Amino acid sequence: MSLTKEKKGFFGRLSERIGDALMMRPSIDEDLMDELEEILITSDIGMDTTVKIMDKLRTTIKDRMIGSPEGVKEALAEIIAEITDKGERNRLSDKTPLVIMMIGINGGGKTTTIAKLGNLLRSEGKTVIFAAADTFRAAAGEQLAIWGDRIGINTVKHQEGADPSAVIYDAIQSARAKDIDVLICDTAGRLQTKKNLMTELSKMNRIISREFPEADRETLLVLDATNGKNAVSQAKEFNEAAELSGVVITKLDGTAKGGIAITIADEFDMPIKYIGVGEGIEDIEAFDAAEFAGGIFNE
């Protein structure tokens, strides 16, 4: 995972702010700890997660007798890596066939992320098909189909307003007939009431279980890092309405403070599967906790 693009956004700014705080103080004291805490909170890292990080940092500094700014930075990187590392859960299932349900609010980069993920999986040698099951947003199916045409992935779609489960059904039939490795479903483009969302997703999942029982499953929530604390609220709502297996954090290359990635991993014990780092079709990367944390502090 390359962190060059993220450093231009969240990582570069956070690294600079922490670096300045450490270099401006001659000693590692409580005033420095307070300043670091403020930096973390204003980077969209939630209060509870920030307190956890700072408690661990104080303990680590004491146990290791850390007295240098570099030592503090290294300790912080280790703590953040530990928080965001969910082991095998950070990785997308490598079993095939695989059905990936992609959910998230409109405007969060969901459709574009599907295209990026499909392109990445194809580059890894997998065959992919799209299901345009977000049938209630105007032109959503056409948008996904255009992306599919660009990268050589077929899209199964119905007319606007069609039953999303019917799209899933047809996409499964196509995937099975063509022995496709991965079916990626664009769906749930709006957060209605939790009950309606759960009903809609449950119906789709029943179709998958009945028609594609041999397929492994992932349900991924796409979150826009520039939404900050609103993205954390979205994660809470969707996590209560659906059985999420992970999240994809988009737009970490922009003006995002980016701390939501750390907060979501901590507060919801949620694995981050991928991060979006730009507008290009190849600007998506598998999440690596150690590189993510290291990228915050290493120029």
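Residues numbered from 1 in each chain as written. Predicted model: local features only at pLDDT ≥ 70, side-chain atom pairs only at ≥ 80, totals over all residues. Heavy atoms only, no water.

Asker: Just to check I follow, could you spell out helix α4 (residues 69-84) for this structure?
Answerer: In an α-helix there are 3.6 residues to a turn, and that puts residues three or four apart on one side. Taking 1.5 Å per residue, 16 residues should reach 22 Å; α4 reaches 23 Å between its end C-alpha atoms and fits that length. Within α4, the full set of buried residues consists of G71, V72, K73, A75, L76, A77, I79, I80, A81, I83 and T84. (Helix = DSSP H or I, 4+ residues; strand = E, 2+ residues; numbered from the N terminus. Expected span 1.5 Å × (residues − 1). Buried < 20%, exposed > 50% of the residue type's maximum accessible area, 1.4 Å probe, protein only.)

Asker: Would you take a moment to explain unusual backbone geometry for this structure?
Answerer: Glycine aside, a negative phi is what most residues show, and trans is what most peptide bonds show. In this model, T96 is joined to P97 through a cis peptide bond whose omega is -5 degrees. With respect to the element layout, P97 can be found in the loop between α4 and β1 (98-103). Positive phi outside glycine occurs at M65, with the angle close to 55 degrees. Tracing the chain through its elements places M65 in the loop between α3 (47-64) and α4.

Asker: I'm lost on the pairing of strand β6 (residues 246-250) in this one. Help?
Answerer: Regular strands place their side chains on alternate faces of the sheet. In terms of burial, β6 is a largely internal element, five of the five residues being buried. Burial along β6 is two-sided: the face carrying G246, V248 and T250 and the face carrying V247 and I249 are both buried. Inspection of the sheet shows strand β5 (residues 216-224) paired to β6 by five bridges, in the parallel sense. Looking across to β6, one finds that L221 is bridged to V247. Once the chain exits β5 it traverses helix α9 (residues 229-241) before rejoining the sheet at β6, and the crossover so formed is right-handed. With three bridges connecting them, β6 and strand β7 (residues 272-276) associate as parallel partners. In the sheet register, I249 faces β7, and the bridge partner there is I275. (Pairing = 2+ DSSP bridges. Right-handed = clockwise from strand over helix to strand, strands pointing away.)

Asker: Sorry, what's going on with the pattern of salt bridges here?
Answerer: Two side chains that carry opposite charge are able to pair once their charged atoms sit near each other. With the rule as written, the count across this model stands at 16 salt bridges. Residue D269 is joined to R89 by a salt bridge in which the shortest nitrogen-to-oxygen separation is 3.0 Å. Taken together, the residues D269 in the loop between α10 (260-267) and β7 and R89 in the loop between α4 and β1 connect sequence positions 180 residues apart. A relative accessible area of 37% means that R89 is categorised as partly exposed. Across the pair R176 and E214 runs a salt bridge whose closest N-O atoms are separated by 3.2 Å. Linking R176 in helix α7 (residues 164-177) with E214 in the loop between α8 (194-211) and β5, this pair joins segments that are 38 residues apart in sequence. Taking relative accessible area as the criterion, R176 reaches 43% and is therefore assigned partly exposed. Ionic contacts of the salt-bridge type, sharing partners, join the residues K86, R89 and D269 into one network. (Salt bridge = Lys/Arg side-chain N within 4 Å of Asp/Glu carboxyl O.)

Asker: I'm lost on the side chain of D266 in this one. Help?
Answerer: In this fold, D266 is placed in helix α10. By relative accessible area, D266 is classed as buried at 15%. Polar contacts involving the side chain of D266 include one to the side chain of K52, which spans 2.5 Å. (Polar contact = N/O pair within 3.5 Å; in protein donor to acceptor, adjacent residues only side chain to side chain.)

Asker: Hey, could you run me through the environment of R64 in this one?
Answerer: With respect to the secondary-structure elements, R64 resides in helix α3. Separated by eleven residues in sequence, R64 and A75 have C-alpha atoms that sit 9.6 Å apart. A polar contact is formed between the side chain of R64 and the side chain of E78, at a distance of 2.7 Å.

Asker: What's the story with α7 in this structure? I'm lost.
Answerer: Helix length check: α7, at 14 residues, gives a terminal C-alpha distance of 20 Å against a target of 20 Å (1.5 Å per residue), a fit within 8%. Taken together, the buried positions of α7 are occupied by P164, S165, V167, I168, A171, I172, S174 and A175. Its side-chain oxygen 3.0 Å from the backbone nitrogen of S165, D163 forms the N-cap of α7. Remark: D179 follows α7 within two positions and exhibits a positive phi of approximately 55 degrees.

Asker: It is not clear to me how the packing of α4 against α10 should be interpreted in this structure. Could you clarify?
Answerer: Packed helix pairs are characterised by how far apart their axes lie and by the angle those axes make with each other. Packing of α4 against α10 brings their axes to within 8 Å, and their N-to-C directions diverge by 55 degrees. One element, α4, and the other, α10, form an angle in the oblique class. Contacts between α4 and α10 involve I80, I83 and T84 on the former and, on the latter, A261, I262, A265 and D266. Here the residues of the contact of α4 with α10 are counted per class, giving five nonpolar, one polar and one charged. (Axes fitted to C-alpha atoms, helices over the stretch in contact; angles between N-to-C directions. Parallel < 35°, antiparallel > 145°, perpendicular 65-115°, else oblique. Contact = heavy atoms within 4.5 Å. Nonpolar A, V, L, I, M, F, W, Y, C, P; charged D, E, K, R; others polar.)

Asker: Would you mind going over the environment of E160 with me for this structure?
Answerer: Relative to the assigned elements, E160 resides in the loop between β3 (154-156) and α7. Through-space distance from the C-alpha of E160 to that of A132 is 9.9 Å; in sequence the pair is 28 residues apart. Each residue touching E160, except ones within four places of it in the same chain, is listed here: T135, A138 and A139.

Asker: Sorry, what's going on with the nonpolar core here?
Answerer: Across soluble globular proteins, you tend to see nonpolar side chains buried next to one another. Formed by 73 residues in total, the largest nonpolar core has its most connected members in L36, I53, L57, I168, I249 and I264. With eight residues, the single largest contributor to this core is α4. Excluding anything up to four places from it in sequence, I249 contacts L223, A225, I260, A261, I264, I272, Y274, I275 and G276. Grouped together as the second largest cluster of nonpolar side chains are 23 residues, I114, F130, V182 and I184 included. (Core = buried A, V, L, I, M, F, W, Y, C linked by side-chain atoms within 4.5 Å.)

Such coordinate-based values are descriptive only and should not be taken to indicate function.
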